[in-house]
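Given next are the chains, with one letter for each unit.
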Amino acid sequence: MDYTQSGSDILLKQPDFGLDDTLDCGQAFRWEKIDKKTYSGAFLNNKLTISEEPENGVFRLHDTTVQNFENIWIDYFDLNTDYGELKRRFSENETLSKACSFAGGIRILRQDSWEALSSFIISQNNNIPRIKGIIGRLCEHYSGYPSAEDMADETIDSLAYLRSGFRAKYLVDAIEKILSGEIDYQKIKEMPLDDARNELMKIKGVGPKVADCTLLFGFYKTDAFPKDVWVKRVLAQWYPNGLPSCVKGVEGIAQQYLFHYIRNTQK
DNA sequence: TTCCAGGCGTATC
DNA sequence: GATACGCATGGA
């Protein structure tokens, strides 16, 4: 990773990165493609517009400072992790090797815990365009992604405008358990995977899959391996006897390459 | 019209 | 522990 300031922008050189692969692969739901090579989105209340400039071999982070880049975006885009090294590790397995070649620009976004939890509650038995719609209405209503505290007074009825269906009651339960302290992010951060998953599953509407997505994308537990309908197809088709040893400890990162691969090659 | 979507709660055995 | 079924909503 290598970056420089250019006027009011930051220019980033990062070979193992692609905006379509990372920002539109179903791990985060509020990055918006505003033209062919540019996305707009946010981490918490920090907005960002980022463009790919392949002719210069750089990414342009618009209107940001070295300080913001170092304090926020290096971590969010996981720029201190060597994805080239991970892909070399994965390439010893045939299917993973194809998946990494198919979308070599995937990176895991280190998202906010609440945004990941609430987004993946909304995601259950749902499709990605509709998930984006619900989250878009939520953010429009609050002028940004609301915290659990912001949503303290929400009820099933007050959330009706989201048209999130049966998931509204799950959001209300999650808000309650977080505000009461029954669910404690700090404790979850320190727990091993199985304990952390059980802790999150105390929330109604959070089962193994939503919990693992929350732990992978919202707590950066890279050993969490969410099994949705697509990944179950991957396992049945290519890994009937389990995952290869080359993914040990980073199962979740491998999962993201596999998810994107099967979803975009087998409709 | 029916089927499906980054699943889960509940009932039943 | 496994399996069957309903669930809000909207696009294909």
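Just so you know, these numbers come straight off a predicted model, no measurement behind them.

Undergrad: Teacher, can you tell me more about helix H9 (residues 193-200) here?
TA: In an α-helix, one full turn covers 3.6 residues, which means residues spaced three or four apart are oriented alike. Along H9, the residues classified as buried are Leu193, Ala196, Arg197, Glu199 and Leu200. Buried residues of H9, viewed axially, fall in a sector of 160 degrees; they line one side. Check the buried side of H9 and you find it contacts helix H5 (113-123), helix H8 (185-190) and helix H10 (208-219).

Undergrad: Would you mind showing me how to read the pattern of salt bridges here?
TA: Opposite charge on two side chains permits pairing when their charged atoms draw close. What the rule picks out here adds up to 14 salt bridges. Of the charged contacts, one joins Arg60 and Glu53 as a salt bridge, the two residues approaching to 2.7 Å between their closest N and O atoms. Accessibility assignment for this pair places Arg60 and Glu53 in one class, buried. In this structure, the salt-bridge partner of Glu85 is Arg88, at a minimum N-O distance of 3.4 Å. Placement of both Glu85 and Arg88 in helix H3 (residues 83-90) is noted, with a separation of three residues, approximately one turn of the helix. Overall, the relative accessible area of 53% leaves Arg88 in the exposed class. When salt bridges with common partners are traced through the structure, they connect Asp9, Glu53 and Arg60 into a single cluster.

Undergrad: Quick question: what am I supposed to make of the protein's contact with DNA strand B here?
TA: By nearness alone, 30 residues border DNA strand B, and Gly26, Asn126, Ile128, Gly207 and Gln255 come closest of all. Each atom of DNA strand B within 4 Å of the protein was assigned to sugar, phosphate or base; sugar and phosphate come to 60%. The backbone of Gly26 places a nitrogen or oxygen atom 2.4 Å from a base nitrogen of DNA strand B. Contacts to DNA strand B include Asp228, whose side-chain N or O atom sits 3.4 Å from a sugar or linking oxygen. Secondary-structure elements contributing two or more residues to the surface near DNA strand B are H10, helix H11 (229-238) and helix H12 (251-265). For the surface near DNA strand B, a count of residues per class yields 14 nonpolar, eleven polar and five charged.

Undergrad: Can you help me understand the sheet that holds strand S3 (residues 32-35) in this one?
TA: Within a sheet, adjacent strands bond to each other through the backbone by hydrogen bonds, running parallel or antiparallel. Strand order in the open sheet formed by six strands is S1-S2-S6-S5-S4-S3, with antiparallel pairing between adjacent strands. Among the strands making up the open sheet, the edge pair consists of strand S1 (2-6) and S3. Averaged over all pairs of adjacent strands, the angle between their axes in this sheet comes to 30 degrees, without regard to strand direction. Of the strand pairs in this sheet, strand S5 (residues 46-53) and strand S6 (residues 58-61) are connected by four bridges, and their pairing is antiparallel. Of the residues in S6, the one forming a bridge with Ile50 is Leu61.

Undergrad: How should I be thinking about the packing of aromatic side chains in this particular structure?
TA: Any two aromatic rings considered together are summarised by their centre-to-centre distance and by the angle between their planes. Within the structure shown, the criterion is met by 16 aromatic pairs. The interplanar angle of 75 degrees and the centroid separation of 6.1 Å between the aromatic rings of Phe90 and Tyr257 together place this pair among those described as edge-to-face. Taken together, the residues Phe90 in helix H3 and Tyr257 in helix H12 connect sequence positions 167 residues apart. A residue is classified by how much of its surface remains accessible, and Phe90, at 0% relative accessible area, is buried. Between Phe120 and Phe217 the ring centres are 5.5 Å apart and the planes differ by 20 degrees, which places this aromatic pair in the stacked class. Residue Phe120 is located in helix H5, and its partner Phe217 is located in helix H10; the two are separated by 97 residues in the primary sequence. Here the two residues Phe120 and Phe217 agree in accessibility, since each one is buried.

Undergrad: What am I meant to see in unusual backbone geometry here?
TA: The phi angle of most residues is negative, glycine excepted, and most peptide bonds adopt the trans form. For Asn125, which is not glycine, the phi torsion reads 45 degrees and is therefore positive. Relative to the helices and strands, Asn125 resides in the loop between H5 and helix H6 (128-142). At Tyr220, a position not held by glycine, the phi torsion is positive, near 50 degrees. With respect to the helices, strands and loops of the structure, Tyr220 is situated in the loop between H10 and H11.

Undergrad: Would you mind going over the side chain of Thr64 with me for this structure?
TA: Inspection of the secondary structure assignment puts Thr64 in the loop between S6 and helix H2 (66-76). Apart from the residues within four sequence positions on either side, Thr64 is in contact with Ser8, Asp9, Ile10, Phe69 and Trp73.

Rules used in this analysis
Residues numbered from 1 in each chain as written. Chains lettered and ligands numbered in written order. Predicted model: local features only at pLDDT ≥ 70, side-chain atom pairs only at ≥ 80, totals over all residues. Heavy atoms only, no water. Buried < 20%, exposed > 50% of the residue type's maximum accessible area, 1.4 Å probe, protein only. Helix = DSSP H or I, 4+ residues; strand = E, 2+ residues; numbered from the N terminus. Arc of directions from axis to C-beta. Contact = heavy atoms within 4.5 Å. Salt bridge = Lys/Arg side-chain N within 4 Å of Asp/Glu carboxyl O. Near = heavy atom within 4 Å. Polar contact = N/O pair within 3.5 Å; in protein donor to acceptor, adjacent residues only side chain to side chain. Nonpolar A, V, L, I, M, F, W, Y, C, P; charged D, E, K, R; others polar. Pairing = 2+ DSSP bridges. Axes fitted to C-alpha atoms, helices over the stretch in contact; angles between N-to-C directions. Phe/Tyr/Trp six-rings, centres within 6.5 Å; stacked < 30°, edge-to-face > 60°.

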